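So the chains spell out like this:
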Amino acid sequence: MKTSWPSAVLLAATLATASCHGSSMQTGPFTDAATARLADAVEAGDAYVVRTLLSEGGDPDAAGEGGLNLLQHAIFKRSPEGLEALLAAGADPNRPGYGGSTAMHTAALVDDPRYLDLLLAHRGDPDVRHARNGETPLAQAVGPRTDATFRRLLAAGADPNLADGTGNTPLHRAAMINAGAHVLALLEAGAHPQARNAQDASFQRYYFRIPDNVLSARARAERAAIVAWLRAHEVPLEAGTGG
């Protein structure tokens, strides 16, 4: 249900296709020659070359096609060394980049939490908004594949009640993909259980729409725990919850 920003796989494929054009086979999204050289060094994780190029006037916040910035490039190329070198040089992890997303949003989408840890250690804001749709990194991180980044964002103080431009909170997003463990974690972290989106729907409309009999044993157990939480906190179960 994360339709507001391309998946990591889709963007990676886009970058791979773009790399076949332009002056650099490795950094197709960056058409400026100086930025392309810097992007090559970032991808290679060569901190010395990154520092040298930046000392010669390179911009750690330079962007390429679609607004893709160098921090995002480092994350998608799986280069923590390149990412750290950029951050040490003052690159802004909260600056809007590809499609309006920031490096924080990018890091929230990958299954390796090292990148998010580096961003958080260098002024990364766990509540930074997507420049186009207002979504937060926490909403991006819901789902079992990105559980580690989801937990780190919560531990870093991410606000579970910040809604995007359509009124969807991280709780709505978790419910939409039936991420029961994250629904419960958000409720326990203080997410408002009756928050309404632009369709005047709470998370319950999305989370309980799948019949119990088609859920896995794990999903049924997660649902039972959520129903128990709602009852314990005197939150009314809406029609169709099966509770």
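Residues numbered from 1 in each chain as written. Predicted model: local features only at pLDDT ≥ 70, side-chain atom pairs only at ≥ 80, totals over all residues. Heavy atoms only, no water.

1. A look at the overall build of the protein chain
Along its length, the protein chain carries 13 helices and zero strands. Mapped in sequence order, the helices and strands of the protein chain form the string α-α-α-α-α-α-α-α-α-α-α-α-α. Partitioning the intrachain contacts of the protein chain with sequence separation of at least 6 by distance along the chain shows that 66% fall at a separation of at least 24. Here the protein chain has roughly 10700 Å² of accessible surface; of this, 53% comes from carbon and sulfur atoms. (Helix = DSSP H or I, 4+ residues; strand = E, 2+ residues; numbered from the N terminus. Contact = heavy atoms within 4.5 Å. Areas by Shrake-Rupley, 256 points an atom, 1.4 Å probe, with all protein chains shown as cover.)

2. Focus on the pattern of salt bridges
For the structure on display, the rule yields 10 salt bridges. The salt bridge involving Arg 114 is made with Asp 112; its shortest N-O contact spans 2.8 Å. Among the residues examined, Arg 114 registers a relative accessible area of 44% and is labelled partly exposed. Asp 112 gets classed as buried once you look at its relative accessible area, which sits at 15%. Look at the salt bridges and you will find they share partners, linking Glu 135, Asp 164 and Arg 173 into a network. (Salt bridge = Lys/Arg side-chain N within 4 Å of Asp/Glu carboxyl O. Buried < 20%, exposed > 50% of the residue type's maximum accessible area, 1.4 Å probe, protein only.)

3. Things to note about helix H9 (residues 147-155)
Inspection of H9 places Thr 149, Phe 150, Leu 153 and Leu 154 among the buried residues, and these make up the whole buried set. For H9, the angular spread of buried residues about the axis comes to 140°, placing them on one side. For H9, the secondary structure elements touched by its buried residues are helix H6 (103-109), helix H7 (114-121), helix H8 (137-140) and helix H11 (180-188). One or two residues past the end of H9 sits Gly 157, with phi positive at roughly 95°. (Arc of directions from axis to C-beta.)

4. What to know about the nonpolar core
Core analysis: the biggest nonpolar cluster contains 59 residues, and Leu 83, Val 183, Phe 203 and Ile 226 have the highest contact counts within it. In contact with Phe 203, other than residues within four places in its own chain, are Leu 171, His 172, Ala 175, Val 183, Leu 187, Pro 193, Ala 195, Ile 226 and Leu 230. (Core = buried A, V, L, I, M, F, W, Y, C linked by side-chain atoms within 4.5 Å.)

5. Focus on the environment of Ala 195
Inspection of the secondary structure assignment puts Ala 195 in the loop between H11 and helix H12 (203-207). Between the C-alpha atom of Ala 195 and that of Asn 161, which follows or precedes it by 34 residues, the distance is 8.2 Å.

6. Here's the deal with unusual backbone geometry
Even without a glycine there, the phi angle at Arg 78 is positive, about 55°. The residue Arg 78 is located in the loop between helix H4 (70-76) and helix H5 (80-88) in this model. Here Arg 78 falls in the partly exposed class, since its relative accessible area comes to 43%. One non-glycine residue, Arg 123, adopts positive backbone phi at about 75°. In this fold, Arg 123 is placed in the loop between H7 and H8.

7. Quick look at the packing of aromatic side chains
If you walk through the whole model with that rule in mind, you get two aromatic pairs. Ring geometry for Phe 203 against Tyr 207: centres 6.4 Å apart, planes inclined by 40°, an arrangement best described as tilted. Taken together, the residues span about one helical turn, with Phe 203 and Tyr 207 both in helix H12 at a distance of four residues. The two residues Phe 203 and Tyr 207 agree in class, both being buried. Summarising the aromatic geometry, the rings of Tyr 207 and Phe 208 are spaced 5.1 Å apart at their centres and angled 70° between planes, so their arrangement reads as edge-to-face. Taking the relative accessible area as the measure of exposure, Phe 208 reaches 5% and is therefore buried. Chaining the aromatic ring pairs together yields one cluster made of Phe 203, Tyr 207 and Phe 208. The ring of Tyr 207 has Arg 223 sitting right over it, with the charged end atom 5.3 Å from the ring centre. (Phe/Tyr/Trp six-rings, centres within 6.5 Å; stacked < 30°, edge-to-face > 60°. Lys NZ or Arg CZ within 6 Å of the ring centre and 35° of its normal.)

8. Focus: H7
Among the residues of H7, those classed as buried are Tyr 115, Leu 116, Leu 118 and Leu 119. For H7, the arc enclosing every buried residue in end-on projection is 160°, short of the 170-degree limit, so these residues lie on one face. For H7, the secondary structure elements touched by its buried residues are H4, H5, H6 and H9. Where H7 terminates, the next one or two residues include Arg 123, which has phi positive at roughly 75°.

9. A short note on the side chain of His 172
By the secondary structure assignment, His 172 is in helix H10 (residues 170-176). Take His 172: its relative accessible area is 1%, and that puts it in the buried class. For His 172, the contacting residues outside a window of four places in its chain are Gly 167, Ala 195, Arg 196, Asn 197, Ala 201, Ser 202, Phe 203 and Tyr 206.

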